[in-house]
Amino acid sequence: MNFIIWIVIGGIIGWLASLVMKTDAEQGMILNIVVGIIGALLGGWLLAPLFGTGTINQNDFSLGSLLVSFLGAIILLMVVNLVRRGRTR
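What counts and how
Residues numbered from 1 in each chain as written. Predicted model: local features only at pLDDT ≥ 70, side-chain atom pairs only at ≥ 80, totals over all residues. Heavy atoms only, no water. Helix = DSSP H or I, 4+ residues; strand = E, 2+ residues; numbered from the N terminus. Expected span 1.5 Å × (residues − 1). Buried < 20%, exposed > 50% of the residue type's maximum accessible area, 1.4 Å probe, protein only. Contact = heavy atoms within 4.5 Å. Core = buried A, V, L, I, M, F, W, Y, C linked by side-chain atoms within 4.5 Å. Axes fitted to C-alpha atoms, helices over the stretch in contact; angles between N-to-C directions. Parallel < 35°, antiparallel > 145°, perpendicular 65-115°, else oblique. Nonpolar A, V, L, I, M, F, W, Y, C, P; charged D, E, K, R; others polar.

Student: How do you make sense of helix H1 (residues 2-20) when you look at a structure like this?
Tutor: Since the α-helix turns once every 3.6 residues, residues separated by three or four places project in the same direction. Taking 1.5 Å as the rise per residue, H1 with 19 residues should run 27 Å; its terminal C-alpha atoms sit 27 Å apart, in good agreement. Every buried residue of H1 is accounted for by Gly10, Gly11, Ile13, Gly14, Ala17 and Ser18. If you follow the buried residues of H1, they end up packed against helix H2 (29-46) and helix H4 (63-85). Phi turns positive one or two residues past the end of H1, at Lys22, with a value near 60°.

Student: Can you walk me through the nonpolar core in this structure?
Tutor: Core analysis: the biggest nonpolar cluster contains 10 residues, these being Ile13, Ala17, Met21, Val35, Ala40, Ile56, Ala73, Ile74, Leu76 and Leu77. Those elements giving two or more residues to this core turn out to be H1, H2 and H4. Among the elements that line this core, the one with the most residues is H4, at four residues. Once residues within four sequence positions are removed from consideration, Ala73 is found in contact with Ile13, Ala17, Val35 and Gly39.

Student: Please clarify how the side chain of Asn32 should be interpreted in this entry.
Tutor: Examined against the element boundaries, Asn32 turns out to sit in helix H2. Apart from residues lying up to four places away in sequence, Asn32 is in contact with Gly10, Gly11, Gly14, Trp15, Ser18, Asp24 and Gln27.

Student: Please explain the packing of H2 against H4 as it appears in this structure.
Tutor: Between two packed helices, the angle of one axis relative to the other and the distance separating the axes together describe the packing. Viewed as axis vectors pointing N to C, H2 and H4 meet at an angle of 105°, and their least axial separation amounts to 7 Å. Here H2 is positioned roughly perpendicular relative to H4, judged by the angle of their axes. Across the interface between the two elements, Val35, Ile38, Gly39, Ala40, Leu42, Gly43 and Gly44 of H2 pack against Val68, Ser69, Gly72, Ala73, Ile75, Leu76 and Leu77 of H4. Of the residues assigned to the contact of H2 with H4, the class counts are nine nonpolar, five polar and no charged.

Below, the structure is given as structure tokens:
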């Protein structure tokens, strides 16, 4: 059951991050899930120690962990934009 919640929350976080970064038209549902989950991993590695919280990948579904996962997804999309286009939007 936790895995299903992880996929759904990861998809929502990836979708919201793609809306913020204006890449929503370029990616579908599967890529939104991937961005959300990998962004949560990235956020857990970079931002979780700064905020003192976990991420959705660590079965911590608090507001702080959702924020860290969301920020990690935005960072991931920024890096992808830099690599693909050579600039941020």
